[in-house]
Structure formats: C-alpha cells, structure tokens
Amino acid sequence: MENLKKAYIAGGCFWGMEDLFRVRPGVKDTEVGYLGGQNENPTYHDHPGHAEGIEITYDPNEISYKDLLDYFFRVHDPTTVDRQGNDKGSSYRSAIFIQDEQEKEVAEEVIKIVDDSGRWMGKVVTTLEPYTKFWPAEEYHQDYLVKNPNGYTCHFERFGTFL
C-alpha cells in the first residue's frame, strides 16, 4: 500500500463528487473536505474561500492521475464559474489543487483536451490552485449519499472519456 497517491479536486457539492469517485477502479479511499481557503479548521458553516473538495487516495498502478482528471471533467460542468447545479458561490468552484509540476502539466494537458473536444458549450474555467492543506469535513458529510441515498446531487456521468 506504500505506492498510493492522493489527488485533490473540487467541482461543486462534495457529496456527489465523492459518491462517483469512491467506486472508480483504482480509487482506494475518498474523503470530503475543504481546500484553498483562508481559515484554519474550517467547518461547513465557516469556510471562507475554501472549496468543497475531495481527497482521492488512488493506486497509480491501477488508475493514472490523468484518468482521474478525465473522469472529473465528465461528472461536473467545468465551464461554470462558482456554480454547479443549484449550488452557487466560490465553495462550489471547479478547481484542481496542484501538488507538483507534473500534476500541473497533466492538468493543463487534460484541460486543453477537454476544451478542444467541444463537448461543453463553453471553455473550461477550472482553476489550478496550489495544494496547501486538506481539512476533512464533518463526519455527517463523509459518504453522505451512501448514508442518504435520496440526498441531493448534481453530479453524473455526462460523456464518455475525453482521452
């Protein structure tokens, strides 16, 4: 298990993103939380500047970072600024939290592929932000749609692979 890696993304309400990613082949664990904001120890009711995001623990021998990002761009609308479905505000922005130069290069490459595909009506507005710290969300948010199968989500597979 020492070969596992982590990826950090945000694409609207974290419930729906986690629900889709947690069952992807090669994904070993997911956790929802807060990324990229201004305060320490953010909470659902106090997370200024933070995005609702997910931490994905994955086995790079089973799924690549590039394939994770391909799926990311298929399950949320990356062309809307600070919005997914009924959720509005910077907490719901589309963002990739970059840990190193290699991740940045892969993210830029996948964004270009997505834009060039013309499948989305607009251009990708997903931000590439430096990863600083992941703050886990409260326990009742973890695996929320498993615990609440009829809960709200605006995430679903919209297209086949971009790659």
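For soluble globular proteins, nonpolar side chains are generally found buried alongside one another. Ranked by size, the top nonpolar core spans 36 residues in total, and within it Ile9, Phe21, Ile56, Phe73 and Ile96 carry the most contacts. Ranked by size, the runner-up nonpolar core spans seven residues in total, among them Leu35, Ala51, Ala95 and Phe134.

Looking now at the state of the cysteines. Tallying each qualifying case throughout the model produces zero disulfides. Just so you know, Cys13 is unpaired, no disulfide at all, and the nearest cysteine sulfur is the one on Cys154, 6.7 Å from it.

Strands sit in the order S7-S6-S1-S3-S2-S8 across an open sheet of six strands; the sheet is mixed. Strand pairing shows two members of the sheet lacking a second neighbour, strand S7 (127-130) and strand S8 (134-136), which therefore form its edges. The sheet shows a mean angle of 40° between the axes of neighbouring strands, taken without regard to direction. Bridge count for strand S6 (residues 94-98) against S7 is four bridges, and the pairing is parallel. Within the sheet, the bridge partner assigned to Phe97 lies in S7 and is Glu129. Packing of helix H1 (residues 14-21) onto the sheet brings it into contact with strand S1 (5-11), strand S2 (27-35) and strand S3 (51-58), and relative to S2 it is tilted by some 170°. Sheet strands touched by helix H2 (residues 65-75): S1, S2, S3 and S6. Its angle to S6, the strand with the most contacts, is close to 165°.

Conventions adopted
Residues numbered from 1 in each chain as written. Predicted model: local features only at pLDDT ≥ 70, side-chain atom pairs only at ≥ 80, totals over all residues. Heavy atoms only, no water. Core = buried A, V, L, I, M, F, W, Y, C linked by side-chain atoms within 4.5 Å. Buried < 20%, exposed > 50% of the residue type's maximum accessible area, 1.4 Å probe, protein only. Disulfide = S-S within 2.5 Å. Pairing = 2+ DSSP bridges. Helix = DSSP H or I, 4+ residues; strand = E, 2+ residues; numbered from the N terminus. Axes fitted to C-alpha atoms, helices over the stretch in contact; angles between N-to-C directions. Contact = heavy atoms within 4.5 Å.

These results come straight from atomic positions and should not be treated as a statement about function.
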